[in-house]
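Structural overview
Residues per chain are reported as follows:
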Amino acid sequence: MSFKRLAIAFSVAVFLIYAGLILSLFYFYQGPLFVNTLLSERTLYSLRLSLTTATVAAVVSIFFAVPAAYALSRYKFFGGQIIDTLLELPMIVSPVALGAMILIFFNTPAGQLIQNRGVDFVFTVYGIVLAQFITTVGIAIRLIKAAMDEIPERYEDVAKTLGASPVKAFFTVVLPLCKRGIFASFVLTWAKALGEFGATITIAGSMAMKTETLPIAIFMRISSADIQGTAVLVLILIGIGLGILYGVRLFAGKKSYV
Amino acid sequence: MPQIELKNVSHYVLRDINLTVKDKEILVLVGPNGAGKTTVLNVIAGLVDYMGQVCFDGKTMDRIPAHKRGVGYLFQDLALFPHLTASQNIAYGLKVQGYPADVINNRTKELMNALHISRLKERYPKNLSGGEKQRVAIARAIAPFQKILLLDEPTASLDAQTAKFLRSELRVLLKQFEITAIFVIHDLLGAEEVADRIAILHKGRIEQVASPKDILFQPKTNTVYEFIGMPNILECDKCHVLSSGLVEVASGDMKIVLPYEGDIISKIAISPHDIYLSGKKPPGPALNRYAGIVTEIIPLRSIVRVKVCIGQNTLMAELSKEAFDDMNLGVGNEVFVIVKLRRLRYFVT
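A few points on the structure. All residue numbers refer to position in the chain's written sequence, counted from 1. Throughout, the order in which chains and ligands are written sets their labels, letters from A for the former and numbers from 1 for the latter. Two thresholds apply to this predicted model, a pLDDT of at least 70 for residue-level local features and 80 or more for giving and counting side-chain atom pairs, whereas whole-chain, interface and lining totals are computed over all residues. Side-chain figures throughout are based on the complete set of non-hydrogen atoms in the structure, without hydrogens or water.

1. Let's talk about the packing of helix H2 (residues 31-39) of chain A against helix H3 (residues 41-74) of chain A
Describing two packed helices takes the angle between their axes plus the distance from one axis to the other. Residues and elements named next belong to chain A. Convention followed: All axes here are fitted lines through C-alpha atoms, helices being fitted over the stretch that makes contact, and every angle between N-to-C directions spans 0 to 180 degrees. In DSSP terms, a helix is any run of H or I states spanning at least four residues, a strand is any run of E spanning at least two, and both are numbered starting from the N terminus. In this scheme, roughly parallel covers angles under 35 degrees and roughly antiparallel covers those over 145, while 65 to 115 is roughly perpendicular and the rest are oblique. Only heavy atoms matter for contacts: two residues are in contact if any of them lie within 4.5 Å across the pair. Following the grouping adopted for this structure description, the nonpolar residues are Ala, Val, Leu, Ile, Met, Phe, Trp, Tyr, Cys and Pro, the charged ones are Asp, Glu, Lys and Arg, and the polar ones are all others, Gly among them.
Contact geometry of H2 with H3 gives a least axis separation of 5 Å together with a crossing angle of 60 degrees. In this view, H2 runs oblique relative to H3, as classed from their interaxial angle. Contacts between H2 and H3 involve Thr 37, Leu 38 and Leu 39 from the first element and Glu 41, Thr 43 and Leu 44 from the second. Residue composition of the contact of H2 with H3, by class: three nonpolar, two polar and one charged.

2. Some points on the sheet that holds strand E16 (residues 275-278) of chain B
Residue and element names in this part refer to chain B. What counts is decided by this rule: Here the rule is simple: two strands pair whenever DSSP picks up at least two bridges between them.
One open sheet accounts for five strands, arranged E16-E20-E17-E18-E19; its pairing is antiparallel. The sheet terminates laterally at E16 and strand E19 (313-320), the two strands that pair on one side only. Between one strand and the next, the sheet's axes are offset by a mean angle of 45 degrees, whatever the strand orientation. Pairing of strand E18 (residues 303-310) with E19, which is carried by eight bridges, proceeds in the antiparallel orientation. When the bridges of E19 are listed, Val 306 appears paired with Ala 317.

3. Focus on the sheet that holds strand E9 (residues 197-202) of chain B
Residue and element names in this part refer to chain B. Sheet architecture is open: six strands sit in the order E6-E7-E8-E3-E9-E10, paired in mixed fashion. Among the strands making up the open sheet, the edge pair consists of strand E6 (71-74) and strand E10 (205-210). Each adjacent strand pair in this sheet contributes to an overall mean axis angle of 20 degrees, direction not counted. Across four bridges, strand E3 (residues 26-30) lies against E9 in parallel orientation. Considered in E9, the bridge of Val 28 is made with Ile 198.

Right under this line is the structure:
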């Protein structure tokens, strides 16, 4: 077997594993049940909650990630390396541990002050957004930094010699050149937030019609051995996630300046 | 009008640079790789930190950031903004500086016409040729009414013919727009084409600043002499104007014919690599061909320098190692010297 065929065989094997898992859902698929489950008040609430919280978390993540990524990409400053390493935290620490860390933080005097005088995060929708934000912001920074690293600093030098302040150079040169990277990062952040489970359930709990996101609803259904209902919710989650990612691929591959 | 002054400027590659570029002057910085030529430009543009003082018209610029210095900069890699069309690239500086729309449109049109690139206005950089990109980048650099322009090897990536044409066009353009310019050019011939004065930079120090002719005929230091290719300088005794636009200049026993441009020639420079040597007498008329005796052979890494005595004059020729080996030359041998007519440069009294 040639190397080319061998490599393709591995990629097909991975595809078959995922495709097999998705197809197995249809083994328990029942048309009327799908519609009933999808249109039930509880599912719609979970869907709405998941879409809303994931969108808010992704927007906040990108809001923090764009300037942070620029700083890490362009400037050398004290602690930059440590920040860069800490961005991996959501990847090396399991989401449940991350949720536990947030929960523990809110039991410290500083956390309690925030809870009492500011926003109540524990067992609330705000907690869901916070959990999703914390698990995604590091990845968002990493992705946007990679996009910014691709843009030569020379463009900013040119902009400066033409009279653009560093802020103007950022908005008129850097941002337009990495907008597709930022958009792709937003969508991936959003998809990750949509599927977030471990940190969310740890800090926000699993209260139906209150903090029950789609992944938590799936967990609740499987916990009560409702396989058909679980399959329906998983299909919904997959449909939304893959649909969005496919859309991004189409968008990202649309136009090249090079 | 801007005069640029560098006073005791040091950077980690520059050593105590003192340089004055006069208003509307074109100064060319030449020097070997790593001499610090680009760094000088970056210092003037305010893109790197430095010690010492940079003044425009006597005003210190040291605390003025790059975007407020009003210095146009044509980078070696051009760095046209890939997300903007040619006309948008040119208009960029005017836009960010808040010029009104009619000024932006008129200036962009004026520069596109001056550089013959009007037909390219809607094209993105990826759809432009090397020469076209160069023109767009030049127009962009001077569009926001910059009176100082820095050009870092602007013709390095072009073929010799296009580069020569663009250099002469650039000179006309800079004079037309009354711009004080500092060029970085790698080769001396290119520098001579555009420069009012040339500054030779070596290991972060300015070795000499002078007119192209003075650099060639009166090199101040050995470094400059070596950098300009160690030309043979011949003192001229007599000038005799011939018919058909030529002049015959006598230097010792040698009679050299070169194009007559109405000047009394006092010195002639012949670059060692513009001299051919032949073991056999070459056929054809004996114009700029001389018989001589080899007096010294200096083998270097890939070339060999051969000194040939022609009467009272001694000329140094430069040959490739292969050519030298083929000729089987030795000290004391008779050899025929052929001087390229077109490559002769002369000094006028």
